[in-house]
Protein chains: 2
Amino acid sequence: MTLLNIPTATISRLVTYLRILEKLESAVVNRTSSKHLSDLAQVSAFQVRKDLAYFGRFGTRGMGYTVGVLKRELRRILGLTRPWNVVILGMGRLGQAIANYPGASEYEFSFVGLFDVDPHKIGNGVRHLTIEPMDSLEGFVKRLKAQGEGVEMGFLAVPPDKAQEAAQILVEAGVKGVLNFAPVVLQPRTLEGGGREGELAEEWKGVVVENVDFLAGMKRLAFYILNPNLKELEMEVSV
Amino acid sequence: MTLLNIPTATISRLVTYLRILEKLESAVVNRTSSKHLSDLAQVSAFQVRKDLAYFGRFGTRGMGYTVGVLKRELRRILGLTRPWNVVILGMGRLGQAIANYPGASEYEFSFVGLFDVDPHKIGNGVRHLTIEPMDSLEGFVKRLKAQGEGVEMGFLAVPPDKAQEAAQILVEAGVKGVLNFAPVVLQPRTLEGGGREGELAEEWKGVVVENVDFLAGMKRLAFYILNPNLKELEMEVSV
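Rules used throughout
- Residues numbered from 1 in each chain as written.
- Chains lettered and ligands numbered in written order.
- Predicted model: local features only at pLDDT ≥ 70, side-chain atom pairs only at ≥ 80, totals over all residues.
- Heavy atoms only, no water.
- Domains from an automatic or database assignment.
- Core = buried A, V, L, I, M, F, W, Y, C linked by side-chain atoms within 4.5 Å.
- Buried < 20%, exposed > 50% of the residue type's maximum accessible area, 1.4 Å probe, protein only.
- Contact = heavy atoms within 4.5 Å.
- Axes fitted to C-alpha atoms, helices over the stretch in contact; angles between N-to-C directions.
- Helix = DSSP H or I, 4+ residues; strand = E, 2+ residues; numbered from the N terminus.
- Parallel < 35°, antiparallel > 145°, perpendicular 65-115°, else oblique.
- Left-handed = near helix turned anticlockwise from the far one by under 90°.
- Nonpolar A, V, L, I, M, F, W, Y, C, P; charged D, E, K, R; others polar.
- Buried area = accessible area lost by both parts, 1.4 Å probe.
- Salt bridge = Lys/Arg side-chain N within 4 Å of Asp/Glu carboxyl O.
- Polar contact = N/O pair within 3.5 Å; in protein donor to acceptor, adjacent residues only side chain to side chain.
- Least-squares fit on C-alpha atoms with pLDDT ≥ 70 in both.
- Pairing = 2+ DSSP bridges.

1. Quick notes on the domain arrangement of chain A
Next, step 1: If you check the domain split of chain A, you get domain 1 (8-78) and domain 2 (84-211).
Next, step 2: One C-alpha centre belongs to domain 1 of chain A, the other to domain 2 of chain A; they are set 32 Å apart.

2. Observations regarding the nonpolar core
Next, step 1: If you look at the biggest cluster of nonpolar residues, it comprises 165 residues, and the most contacted ones within it are Leu89, Phe155 and Phe214 of chain A together with Leu89, Phe155 and Phe214 of chain B.
Next, step 2: Apart from the residues lying within four places of it in its own chain, the contact partners of Phe155 of chain A are Val86, Val87, Ile88, Leu89, Ile98, Phe111, Leu179 and Phe181 of chain A together with Phe214 and Met218 of chain B.

3. Re the packing of helix H5 (residues 93-100) of chain A against helix H5 (residues 93-100) of chain B
Next, step 1: Across the interface, H5 of chain A lies against H5 of chain B with an axial gap of 8 Å and an inter-helix angle of 160°. Taken together, the axes of H5 of chain A and H5 of chain B are roughly antiparallel relative to one another. The handedness of the crossing between H5 of chain A and H5 of chain B is left-handed. Only Arg93, Leu94, Gln96, Ala97 and Asn100 of chain B of H5 of chain B make contact with H5 of chain A, whose side of the interface consists of Arg93, Leu94, Gln96, Ala97 and Asn100 of chain A.
Next, step 2: The class makeup of the residues in the contact of H5 of chain A with H5 of chain B is 4 nonpolar, 4 polar and 2 charged.

4. Points about the interface of chain B and chain A
Reports often express the size of an interface as the amount of accessible area lost when the parts come together.
Next, step 1: In this assembly, 79 residues from chain B lie in contact with 79 residues from chain A.
Next, step 2: Together, the buried faces of chain B and chain A total about 7,000 Å²; carbon and sulfur atoms form 70% of this surface.
Next, step 3: Summed over the three residues of chain B that lose the most area to chain A, namely Tyr101, Phe214 and Lys219 of chain B, the buried surface amounts to 11% of that side.
Next, step 4: Between the two partners, chain B and chain A, sit 4 salt bridges.
Next, step 5: A salt bridge links Asp213 of chain A to Arg19 of chain B, with the shortest nitrogen-to-oxygen separation between them at 2.6 Å.
Next, step 6: Summed over the shared surface of chain B and chain A, the number is 12 residue pairs in polar contact (both at pLDDT 80 or more).

5. A short note on the relation of the copies chain B and chain A
Next, step 1: Aligned on chain A, chain B shows an RMSD of 0.0 Å; the corresponding rotation is 180° and the shift along the axis is 0.0 Å. When the rotation and shift are considered jointly, the pair of chain copies conforms to a two-fold rotation axis.
Next, step 2: Taken together, the interface assignments show that 100% of the residues at the interface of chain B recur at the interface of chain A, consistent with an identical surface on both copies.

6. Some thoughts on the sheet that holds strand S6 (residues 129-133) of chain B
Residues and elements named next belong to chain B.
Next, step 1: An order of S5-S6-S4-S3-S7-S8-S9 is seen for the 7 strands of this open sheet, with the pairing classed as mixed. Of all strands in the sheet, those with a lone pairing partner are strand S5 (125-126) and strand S9 (208-211), marking the two edges.
Next, step 2: Judged from the 2 bridges that link them, S5 and S6 form a sheet pairing that is antiparallel. Looking across to S6, one finds that Gly125 is bridged to Thr130.
Next, step 3: Contacts from helix H7 (residues 163-172) reach strand S3 (84-89), strand S7 (153-156) and strand S8 (177-180), with the element oriented near 165° to S7.

Now the structure itself:
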């Protein structure tokens, strides 16, 4: 199946639907519907059906969905049926909070390496891991690769003014997925001069970045506190 | 001006454009354009123009924008020209990381209160504040109100299974903006029985919630690592 243009908001909502389905399953609820899911996800039932329709047909018209089946389908769509090895760059308060967050190792996500530049942090233990120097990241990724493992995700929890540099270290080490916690837009390196000017540098090809930025969240919240009707309006218009 | 249905993604991007404009201003760049902004924000120039057009006309056709003017306009649109008092509920590692994050007190955001239920944390100092018991929140908000101040935003940094309960405490104290860090969809309380069944409970009316959820970020990232073309495609299609 070819996936056509899918809004990023749809992917965010699929994550939400999955979370709700897991909660329903653990409450031994076996059946659900677009209406039921939409109430719990705080979106419209039309939106639920539209989001799912990008990925095929689920459930039976008028009969709703089997919770366990839809949950498995969403896990498959999102790529949560395979293991993901994760490293964290920056082990200040935020990196520590992430590494220790309950549920962060759910599914097949595993923190396999923690890195920092601060000599006072390097060598310290966090859960079952030891903080390593940032410049050992590339060797670390290579060693795992030699063992038939990969590092697929890197979390940037460094200070904002170090995020671009840390991102470069991460992608040069061959990590293709970046979760960026810093309030900066990461800029991929492009080539200079010659016929390839402006082209993405090799290490940035295929790299995907997701941002989790609470400073931006504060600002969005300010807007919606001043314009509360816009949140409701959006739901109504999408029905 | 009446604001019609504005996508939440547009509000997120306005925050990004503002960040870029601030960076340009501090680099003493005075002029910019949709193309320039779009390169730095990693979106299409069409998208930049479309996002801004929701809020009026900025800049001059073919001449681009004055950095300082557009920055001030975006700050005004987002509501960042007035002070915002913020409380944090949950002072574990994540709450600590937020309270201490560099730049968290930029603009007019001020952390005015920190709350927890853990007797070992209550009384501890964090920056210029002292952690207070969660059940003193309502009195705290009232005292500020009596002084002509308000508490407009509450951050939920409690464990996931406590988020709904903490949200209820927050809105009952009269806080209308919730920044939720927990990987749960907050459910507003609705009325039961009588003619008003299903209606929002009084304390939830006008409440807006923004989610900043890194576990969801990990899952979105998994999807995009497996489907890297979807991110690029989205940009191309939107042109």
